[in-house]
Structure formats: structure tokens, C-alpha cells
2 protein chains.
Amino acid sequence: MTRQFVVRPIGRVESVLRTRDEAPRQPDEGAPSAWLAFDESVRDALRDLAVGDEILVITWFDRADRDVLTVHPRGDRTRPETGVFSTRSPDRPNPLGLHRVTIIGSADLRLQVDHLEALDETPVVDVKPVLGDIAER
Amino acid sequence: MTRQFVVRPIGRVESVLRTRDEAPRQPDEGAPSAWLAFDESVRDALRDLAVGDEILVITWFDRADRDVLTVHPRGDRTRPETGVFSTRSPDRPNPLGLHRVTIIGSADLRLQVDHLEALDETPVVDVKPVLGDIAER
């Protein structure tokens, strides 16, 4: 029996990106800045985040295809298919997005980040600090 | 109305760490190597991962307390409480663990990684590549 777990979004993305066709395929292709709008229920968890902080935002790509196991890298059909765990494709069994960003603005229960390759209304599920050299551990 | 999403584990951790008391608080305190045992259902998604690859493993800390919003950093009660989104505490609303590791061994549907600060039987929910300078985006 496989156990399952419930992800409860803590907020959502507010972005000018509305469709997957508009979204950059890789972060170096330039994603726009965006706002993260958080739920009142996580106010205390947010309280030490400030403008200038570099953070990791974890999103849930709610428009992804969770049955996809292999993809053509960067959508290039001339390239051989690759297992999705070797790619950053949003289409994957658990469509978690991982975004390393800098906070550039803040307001009540809201943070503005410098770039985010996620569509408008994408659920936000976690925020973690970037910890120097061990940033991703 | 808040939407929720279901995380379906893709595998589990096999580690000598059995209890939270045994687990290092920070990755620089030295976590042991571990195996990741994957489900048959994600075989194709794994196929391009190999020994030597640096990867990001996302786990679900199934023994965490999801109601925690603030913690004493490193468990030190003499330090002021900090919002969990500024910490790597496993206790947080969505208890996702993020681990940057190197693959050091492999077998059928199994990968050995060089260090992992997650308890035995912790569910694995995603694997992503580390992409050079933009590793975490």
C-alpha cells in the first residue's frame, strides 16, 4: 500500500505569465518578477523574511501532466527523450517547482521576488532560506 | 476555498538514521550515506541518472509537526524563535525536505547518495538535476 500525503498551499503566485507558452523554458531565459501572496494562516512562519534575502520557493505546478516520465529536453523534438528526474520539466509525478530568488519588495502577507518561472495563480507550498555554500542541503 | 493536492511518494529512503535524535541538525554536521529505493512506476523517469551525478532530492518528512510556524534555531532554546520559512526545520506546514547530494552507487531502481539527513523510510517525492550555476532555479 502506498501512503499519500496532502499538500496544503500556503499562498499563490501573482505573475504576468498566464499560459505555459509565455513561460521561459529555463530560468536563464529570463522570467519576470512576481509577487507571492501568502495565507493569513502562515503569518508567523513568514515573519523573519525581508527584502534582500535570497530564498528558495517551492511551488506546485497545478497545470502539469503528472503522467509524464520522459521528455524532449527544452521541448526540442530532435533531441532524445530524457527521464524527467534528469530535467526541470514541470511535467513529472509530483509537479514541484524549485525557484531560487531574491526578495525585492514586501507588503502585508506579500513578498515580491526578482524573477519567477511560474504561472499566475500557481500554488506556493514552501519557502526555505538559502544557506550560503550549503544552499540546497 | 483552499485547494489541496495529493503527493504520491515515488520511493523511500533507506538509512541508518532511525530517530530524530540521531539525525544531524544541519547538513554540515555530517549525515550518513543512504539509499533511495524507487517504485517500479517511475523506472523511466530515473533512466538517465548515473553515478557521479549531483542531484536534488525532495523528501516528505512524514514524522514532522505541520502545525509549527516558529522554532528556536538549531533547537537552542536560548535563541529567539524564528519563522520556519527562514529555517530548514522539518517541522513546517508542508514538510518538504531538500537535499543536494551526489550519486555514489546504483542498482535496479535504487540509487546510493553520499549523505542524506533524512530518517529511514522517509518518503521520496521528487528528484531534480543540479544545473551548474543555476542549480536551484
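Cut-offs applied
Residues numbered from 1 in each chain as written. Chains lettered and ligands numbered in written order. Predicted model: local features only at pLDDT ≥ 70, side-chain atom pairs only at ≥ 80, totals over all residues. Heavy atoms only, no water. Least-squares fit on C-alpha atoms with pLDDT ≥ 70 in both. Contact = heavy atoms within 4.5 Å. Pairing = 2+ DSSP bridges. Helix = DSSP H or I, 4+ residues; strand = E, 2+ residues; numbered from the N terminus. Salt bridge = Lys/Arg side-chain N within 4 Å of Asp/Glu carboxyl O. Polar contact = N/O pair within 3.5 Å; in protein donor to acceptor, adjacent residues only side chain to side chain. Nonpolar A, V, L, I, M, F, W, Y, C, P; charged D, E, K, R; others polar. pLDDT = per-residue confidence, 0-100. Axes fitted to C-alpha atoms, helices over the stretch in contact; angles between N-to-C directions. Buried < 20%, exposed > 50% of the residue type's maximum accessible area, 1.4 Å probe, protein only.

Caption draft 1: Focus on the relation of the copies chain A and chain B. With an RMSD of 0.0 Å, the fit of chain A onto chain B corresponds to turning through 180° and sliding 0.0 Å along the axis. Here the transformation between the copies is reduced to the relation of a two-fold axis. Taking C-alpha positions as reference, the residue of chain A nearest the rotation axis is V6(A), located at 2.4 Å. In this assembly the copies share their binding face: 100% of the residues contributing to the interface of chain A also contribute to that of chain B.

Caption draft 2: Layout of the pairing of strand β7 (residues 96-107) of chain A. All names here are of chain A. Pairing analysis gives seven bridges linking strand β4 (residues 54-60) to β7, with the strands arranged antiparallel. The residue of β7 that forms the bridge with V57 is H99. Looking at chain direction, β7 and strand β8 (residues 110-113) are connected through four bridges and run antiparallel. By the bridge assignment for β8, A107 is matched with R110. Once β7 ends, the chain turns through two residues before running back antiparallel as β8, passing L109 with a positive phi of about 60°.

Caption draft 3: Inspection of the interface of chain A and chain B at higher detail. Taken together, the contact pairs 55 residues of chain A with 55 residues of chain B. Here chain A is connected to chain B by four salt bridges. A salt bridge links R92(B) to D126(A), with the nearest nitrogen and oxygen atoms 3.0 Å apart. The interface formed by chain A and chain B holds 24 residue pairs in polar contact (both at pLDDT 80 or more) in total. Among the elements of the structure, β1 (5-7), α1 (43-46), β4, β6 (82-83), β7 and β9 (123-129) of chain A are those that each provide at least two residues to the side of chain A that touches chain B. The residue inventory of the side of chain A that touches chain B, partitioned by class, reads 26 nonpolar, 12 polar and 17 charged. Bridging between β1(A) and strand β1 (residues 5-7) of chain B involves three bridges; their strand directions are antiparallel. Following the sheet pairing, V7(A) is matched in β1(B) by F5(B).

Caption draft 4: Focus on the confidence of the model for chain A. Within chain A, residue pLDDT values average 91, and 91% of them lie at 70 or more. Within the model, pLDDT remains below 50 along residues 133-137 of chain A, and this stretch shows 21 contacts once partners closer than five positions in the same chain are excluded.

Caption draft 5: Molecular detail of the sheet that holds β8(A). Residues and elements named next belong to chain A. One closed barrel accounts for six strands, arranged β2-β3-β8-β7-β4-β9; its pairing is antiparallel. For this sheet, the mean angle separating the axes of adjacent strands, direction not counted, is 45°. Strand direction decides the pairing type here: strand β2 (residues 11-14) and β9, joined by two bridges, are antiparallel. Paired with G11 across the strands is V124, a residue of β9.

Caption draft 6: How the structure looks around unusual backbone geometry. Located in the positive-phi region is E121(A), a residue other than glycine, with phi close to 80°. Here E121(A) falls in the partly exposed class, since its relative accessible area comes to 39%.

Caption draft 7: Looking closely at the pairing of strand β8 (residues 110-113) of chain B. When strand β3 (residues 34-38) of chain B meets β8(B), the two strands line up antiparallel, connected through four bridges. The partner of W35(B) across the bridge, within β8(B), is Q112(B).

Caption draft 8: Region of the structure containing the pattern of salt bridges. Under the definition given, this model contains 26 salt bridges over all chains. For D48(A), the salt bridge goes to R47(A), with nearest N and O atoms at 3.8 Å. By relative accessible area, which is 35% here, D48(A) ends up partly exposed. Here E121(B) makes a salt bridge to R12(B), at a shortest N to O gap of 3.7 Å. Here E121(B) is found in the loop between β8 and β9 (123-129), whereas its partner R12(B) is found in strand β2 (residues 11-14), with 109 residues between them in sequence. Where salt bridges share partners, they join R12(A), E14(A), R110(A) and E121(A) into one cluster.

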